[in-house]
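The primary structure of each chain is shown beneath.
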Amino acid sequence: MNFLVVNPWIYDFAAYDFWLKPLGLLYISEVLTNLGYNVTFIDLLNRHDKDLIAKYLPKDKKYGTGKFYNESVEKPDILKNIPRKFKRYGVPLKLFESKLERIKKKKKIDAILVGITLTYWYYGGEKTIEILRNYFPTTPIFLGGIYSTLYTEHAENNFSKFKVNICPGTGILPLKRVLESLNEDTTKLNNFNWFEEIDLTYDFYTSDLTYVVLVSSVGCPFHCTYCVTPKMWKFQYRSIDKIINNIEYILEKRPYVKDIVFFDDAFLLRKGIKELLKSLSKFNVRYHLPNGIHARRVDDEIALLLKKANFKSIKLGFESYDFNIQKGTGFKVTNSDLIEAVTCLKNAGFDMNDVYAYVLVNLPAQNKDDVVQAVDFCHSLGIRVNLNEFTPIPGTVEYEELVKKNAISLNADPLLLNNTIIPYWSNFSLSIDDIEEVKRYTKGKYAD
Ligand code: B12
Ligand code: SF4
């Protein structure tokens, strides 16, 4: 059987390649390959796509990140009043079409798999599937990923016009259901420990990649009120030998890879983290942790091991300066945890330009002063700040409370919950002017 797997375009007001790789789709493609199926993989967000770079050379910025090719597009009606440009990020339409023509000439595609990560990226998924349907009018299309999991009903309604099968859930189950509906034998997937057994090979990419993304664990043992991770995943981690073998495989085949990025939710919380860090130090690459790591877990020994392994970008989950907010949202960090973590990282010799704290903006319990205090605090510690505009996500305590207070409707279109535009319509804690002000304040603080 021939599967076509497609990572869709992003349609949004902003997007940047902070090492975005479609891990979910890569995992299911690896499983399919292991089962003996044929997979053709299109990543519309690959900035190094061979067809794309023939026309538009990607400019890599720090550590292999960079701007996506983009074109301005018309806004969907629901976003018409937002005074910002709306864009399609990823390879141009013509190029996608020429890829599909080539594939169609070469082989018969039996099923198409698409995955959407952020809930408010469903519009890009829709535009991608519209094109796929034109080329493959009768081929079964399956849609999975975080959007389908958190907005199953919305996805079913919205994608019925393209006759798409919605596949909610994480782990191996959604893929198993796809195969069952295609009348394939799935006995090999019974009791299959996919996270332990499956390597991310990156063999689906024919282009030269300068970075790859991995996960050493999925899920998180904390339960923060604004985060949906614990609802979607049971915390589990992969054995160190398997992670190391996976990296060896990639680096042998791809000597241009200079950066390895971990997308874990709770990288430092696994059993055996020190052994993992020691083992990672044998590779001549830089490592990055773009998701917030747990400051409380950073002591002198961990900081030194991170440094020795050559970790560069470190993002510490901080979120708020206010003790009551910290306590009320999950208690993953306190101000003294942050001070301690930063001291250890400094002593270990980290470049403080690579150490950031995530600070949330517009949490329901928050006011402008809290953001300003958090920024001042991080600045006084000598680290940088990433302002993260709050996104209410179904399945979280914050979302449910906002619905109870009628601040958002249960049927709100996920496009309206894009954190970039919430301040334009919501009456959450901060107005658009407040948000612009704290952004300006933060920029000014770090201008020197
Ligand atoms: C890595 C990550 C990031 C990365 C990159 C994300 C990306 N775009 O690829 C970075 C650090 C850049 C990031 C940024 C943000 N993120 Co983020 N991120 C994650 C994280 C930790 C992991 C995603 C992942 O790769 N998982 C691993 C893979 C293996 O899992 P998966 O994709 O779900 O795939 C599985 C299944 O879904 C299924 N599957 C997937 N596709 C398909 C297709 C088919 C056909 C089938 C059958 C099955 C299937 O199979 C896979 C294997 O089980 C998730 C939390 C989480 N644990 O999911 C949050 C998460 C997605 N992020 C979230 C948020 C809020 C953000 C930010 C908005 C934060 C902020 N306020 O600024 C920004 C947005 C930035 C932007 N606009 O790009 C929210 C979701 C928000 C939303 N509304 O959707 C999440 C859920 C975390 C949370 N807070 O609860 N993020
Ligand atoms: S610690 Fe991080 S990943 Fe874990 S529940 Fe809290 S926000 Fe989510």
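Small disclaimer: the values here were computed from a predicted structure and weren't measured.

**Topic: the side chain of Glu126**
Thought 1: For Glu126, the position within the fold is in helix α4 (residues 122-135).
Thought 2: In contact with Glu126, other than residues within four places in its own chain, are Asn158, Phe159, Lys161 and Phe162.

**Quick look at the site of ligand 2**
Thought 1: For ligand 2, the full set of nearby residues is Cys220, Phe222, Cys224, Tyr226, Cys227, Pro230, Asp265, His294 and Lys332.
Thought 2: Class assignment of the residues belonging to the shell around ligand 2 gives a composition of six nonpolar, one polar and two charged.

**Section: the environment of Asn388**
Thought 1: Residue placement: Asn388 occurs in strand β16 (residues 384-389).
Thought 2: Of the residues examined, Asn388 reaches a relative accessible area of 30% and is grouped as partly exposed.
Thought 3: Placed 134 residues apart in sequence, Asn388 and Arg254 show a C-alpha to C-alpha distance of 33 Å.
Thought 4: Among all residues touching Asn388, those that are not within four sequence positions of it are Tyr358, Val359, Leu360 and Val361.

**Some thoughts on the packing of aromatic side chains**
Thought 1: Scanning the entire structure with this criterion turns up 32 aromatic pairs.
Thought 2: Through pairs of rings, three or more aromatic residues link up here, namely Trp9, Tyr11, Phe13, Phe86, Phe96 and Tyr123.
Thought 3: The ring of Phe350 is capped by Lys307, whose NZ or CZ atom sits 5.6 Å from the centre of that ring.
Thought 4: Here the basic side chain of Lys315 rests over the ring of Phe18, its NZ or CZ set 5.6 Å away from the ring centre.

**Details of the sheet that holds strand β2 (residues 10-12)**
Thought 1: An order of β2-β5-β4 is seen for the three strands of this open sheet, with the pairing classed as antiparallel. Of all strands in the sheet, those with a lone pairing partner are β2 and β4 (70-72), marking the two edges. For this sheet the average axis-to-axis angle between neighbouring strands, irrespective of direction, equals 20°.
Thought 2: Alignment of β2 against strand β5 (residues 87-89), held across three bridges, turns out to be antiparallel. The residue of β5 that forms the bridge with Tyr11 is Arg88.

Parameters and conventions
Residues numbered from 1 in each chain as written. Chains lettered and ligands numbered in written order. Predicted model: local features only at pLDDT ≥ 70, side-chain atom pairs only at ≥ 80, totals over all residues. Heavy atoms only, no water. Helix = DSSP H or I, 4+ residues; strand = E, 2+ residues; numbered from the N terminus. Contact = heavy atoms within 4.5 Å. Near = heavy atom within 4 Å. Nonpolar A, V, L, I, M, F, W, Y, C, P; charged D, E, K, R; others polar. Buried < 20%, exposed > 50% of the residue type's maximum accessible area, 1.4 Å probe, protein only. Phe/Tyr/Trp six-rings, centres within 6.5 Å; stacked < 30°, edge-to-face > 60°. Lys NZ or Arg CZ within 6 Å of the ring centre and 35° of its normal. Pairing = 2+ DSSP bridges. Axes fitted to C-alpha atoms, helices over the stretch in contact; angles between N-to-C directions.

Read these as layout, nothing more, since geometry by itself doesn't imply function.
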